Amino acid sequence: MKIKVLLTLTFATAVFSLSAQNKKVHTIVTRYPNPVNTDLPRPKLMVGLVVDQMRWDYLYRYYDRYLAGGFKRMLNEGFTCENTLIPYIPTVTAIGHSSIYTGSVPAIHGIAGNDFIVQATGKSMYCTDDSTVVAVGSTSKAGQMSPRNLLVSTVTDELRLATNFRSKVIGIALKDRGGILPGGHAANAAYWFDDANGAWISSTYYMTELPAWVKDFNASKPAETYLKKDWNTLYPINTYVQSAADNSPKYEGKFAGAEAPTFPIKTSELYKGRAGMIRSTPYGNSMTLDLAKAAIENEKLGAGSVTDFLAVSLSSTDYVGHQFGPNSVEAEDTYLRLDKDLAAFFTYLDGKLGKGNYTVFLSADHGAAHNANYLIDHKIPAGAWKSSSLQTRLNTILEDKYKAKGLVLSLDNYQVNFSNAIIKKENINVESLKYDCIQFLQQEPEIAFAVDMQRVQTATIPDELRTRIQNGYNIQNSGTIQIILKPGWYSGGQTGTTHGTWNPYDAHIPLVFMGWGIKHGSLTRETHMTDIAPTVAELLHIQAPNGNIGTAIGEVLR
């Protein structure tokens, strides 16, 4: 009897429970009669800004004078990764742009320098050279360029793939490599500046004719218009306290035709039809951002149903840095003017797309050393290394022993490139040749280490250097021996500056994100240039590039 009652109660409870569940399900269905919107949230537009030769400390060196809407806005609204390092050597423009957008390194993506020696042929290759294409918008060789030497995909390629090529991708830079490599293989277009005709051009890799809006932009002669303004300091020159004296010919290079490297710089008089002069003025950045705005307007970037990507490289900071050095009034003024241009660009994006509807990241392809003479005069060890004279001496010594001329083709990229054709013809023992070179190089006072690339694991060098050498070594396109100079030393002239080494001044770069999907904050743990592409991929919910070795910086994402 008790069992009967228990079963009856159990059955009644089950029926009540099922009835309640059915009512709950029915209630859910009737409350939401229409399908839930399943569109994947993404920004309307992704903007990548690479400031060529921007050291990390430039974010703060001139911070007090930045406007509220430029660099300060990115730092105060966005997320900054304060310890972002380049994980390879050499630190040069083409590799930097490639690594930012691929999340990879030369060992994998194949871009081993701005120029590099193809080991199989012994011939020098420019990073974006492509003899199978011709210029569009010009008749010069400046248009024979494409991304074909890049062996992997970019995050911009992956965006195109993820949206069945509905997303638009456009790359823009004064330098061909700064516009082409970030755009990747599948870009809708890349544009760069041709000094020969003072116009923005492309190549038949992308198109057969420039769009009407680019033709109109060129017809306005923007370079000439800017250069006719002359270049004077944005603020009174006595307020540029972060720089050395304006007239410092020991540290600064001057423009052709100028009497001294001093303000005001009469670009209107020095121009004389040489449109390429704009590269070494802050106006080059202004003109680049003008074209970026024109691209957004005319290509309707950010106006579609999928995310578009605009990759912009600001090259003039590099040209100014090379000519005048980091401690010049010219460099300081260039960054103050760039800050003003960025503030105007962000305001434009706010108005065009709506604040919070786009995402921007800003980084650099490399930094720069202080001018060697400037450091020496302030009792800091430094020097300019004469690689050409060393190559001559090295070849003389090797010729005496191996009875063959020209065994070393180049010391570019701080690497010893041998003539493999001569080695094969003369049946020279490569191991013996490498040993002799290393013994010679390590006796040079400027050189800290000379490392056999293929034996880097057994080299007695710090682990950090070992990793960077490995990452930078591409067996097809890199030299055989890596030269590491002592800190403060570089291969270059007496004025201005250069880059290319592992040291913090070359390898510590800014990385700031701002906009849709980005938290506000900062991070001091070590991150890497190669982490940028996977972070962007994570933000956009797309696959990372196929050669990626970086890791998404999760702290950045909202």
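Residue numbers run consecutively from 1 along every chain, following the written order of its sequence. Owing to the predicted nature of the model, reporting of local features is limited to residues with pLDDT of at least 70; listing and counting of side-chain atom pairs is limited to 80 or more, with chain, interface and lining totals taken over all residues. Processing note: side-chain calculations cover all non-hydrogen atoms of the structure and skip hydrogens and water entirely.

1. Topic: the overall build of the chain
- Strands are runs of DSSP state E lasting at least 2 residues, helices are runs of H or I lasting at least 4, and numbering of each runs from the N terminus. Secondary structure summary: the chain contains 20 helices and 21 strands in total.
- In terms of its C-alpha atoms, the chain occupies a principal-axis envelope of roughly 110 × 60 × 50 Å.
- In the chain, buried positions account for 59% of the 558 residues.
- When checking whether two residues touch, look at their non-hydrogen atoms; a contact exists if any pair is within 4.5 Å. Contacts spanning at least 24 positions in sequence make up 74% of the contacts within the chain whose residues lie at least 6 apart.
- Separation between the mean location of the 52 positive side-chain charges and that of the 51 negative ones in the chain comes to 7 Å. Any residue under 20% of the maximum accessible area for its type is buried, any over 50% is exposed, and the rest in between are partly exposed; the area is computed with a 1.4 Å probe on protein chains only. Neither His nor the chain termini are counted; the positive set is Lys and Arg, and the negative set is Asp and Glu. Charged groups are reduced to one reference atom each: NZ for lysine, CZ for arginine, CG for aspartic acid, CD for glutamic acid.

2. Describing the environment of A135
- Along the chain, the position of A135 falls in strand β6 (residues 135–136).
- For A135, a relative accessible area of 16% gives the class buried.
- A135 has contacts with S140, G143, S202 and S203, leaving out every residue within four places of it along the chain.

3. Observations regarding the packing of aromatic side chains
- Between rings of Phe, Tyr and Trp, where Trp is taken as its six-membered ring, a pair exists when centres lie within 6.5 Å; planes separated by under 30 degrees are stacked, by over 60 edge-to-face, and by other angles tilted. All chains considered together, the criterion is met by 20 aromatic pairs.
- For the pair Y101 and F361, a centre-to-centre distance of 5.9 Å together with 50 degrees between the ring planes defines the contact as tilted. Placement of Y101 in helix α4 (residues 93–102) and of F361 in strand β11 (residues 358–363) is noted, with a sequence separation of 260 residues between them. For the pair formed by Y101 and F361, the shared burial category is buried.
- Taking the centre distance of 6.4 Å and the plane angle of 85 degrees together, the rings of W231 and F324 count as edge-to-face. Taken as a pair, W231 in the loop between α9 (222–227) and α10 (267–270) and F324 in helix α12 (residues 316–324) lie far apart in primary sequence, 93 residues in all.
- Whether a charge sits over a ring comes down to the Lys NZ or Arg CZ being within 6 Å of the ring centre and within 35 degrees of the ring normal. The ring of Y240 carries the charged tip of R65 above its face, separated from the ring centre by 5.0 Å.

4. Re the sheet that holds strand β19 (residues 511–515)
- Reading across the sheet, the ten strands line up as β6-β9-β8-β7-β10-β1-β11-β19-β2-β20 and stay open at both edges, with mixed pairing between neighbours. The two strands at the open ends of the sheet, each matched to only one other strand, are β6 and β20 (521–523).
- Pairing between two strands is assigned when DSSP locates at least 2 bridges connecting them. Across five bridges, β11 lies against β19 in antiparallel orientation. In the strand pairing of β19, L362 is matched with V512.
- Running over the sheet, helix α13 (residues 329–353) touches β1 (45–51), β10 (308–314), β11 and β19 and is turned about 175 degrees from β1. To get an axis, fit a line to the C-alpha atoms, keeping to the stretch in contact for a helix; angles then go from 0 to 180 degrees between the N-to-C directions.

5. Some words on the pairing of strand β4 (residues 115–118)
- Summarising the sheet, β4 and strand β5 (residues 123–126) pair through four bridges and their orientation is antiparallel. Within β5, the position partnered with D115 by the bridge is Y126.
- If you look at the hairpin formed by β4 and β5, you'll find four residues sitting between the two strands, and G122 has a positive phi there, around 80 degrees.

6. Considerations on the pairing of β11
- With six of six residues buried, β11 is to be regarded as a mostly interior element.
- Residue alternation in β11 divides its side chains into two sets, Y358, V360 and L362 and T359, F361 and S363, and both sets are buried.

7. Re the packing of α12 against α13
- In contact at an axis separation of 9 Å, α12 and α13 are set at 165 degrees when each is read in the N-to-C sense. The orientation of α12 with respect to α13, classified from their angle, is roughly antiparallel. Taken as a pair, α12 and α13 cross one another with a handedness that is left-handed. The residues of α13 that touch α12, namely those facing T317, V320 and F324, are E330, A331, T334, Y335 and L338.
- Taken together, the residues of the contact of α12 with α13 break down into five nonpolar, two polar and one charged. Should an angle fall under 35 degrees it is called roughly parallel, over 145 degrees roughly antiparallel, and 65 to 115 degrees roughly perpendicular, with every other angle called oblique. A clockwise turn of the near helix away from the far one marks a right-handed crossing, whereas an anticlockwise turn of less than a right angle marks a left-handed crossing. Charged residues are taken to be Asp, Glu, Lys and Arg, nonpolar residues to be Ala, Val, Leu, Ile, Met, Phe, Trp, Tyr, Cys and Pro, and polar residues to be all remaining types, Gly included.

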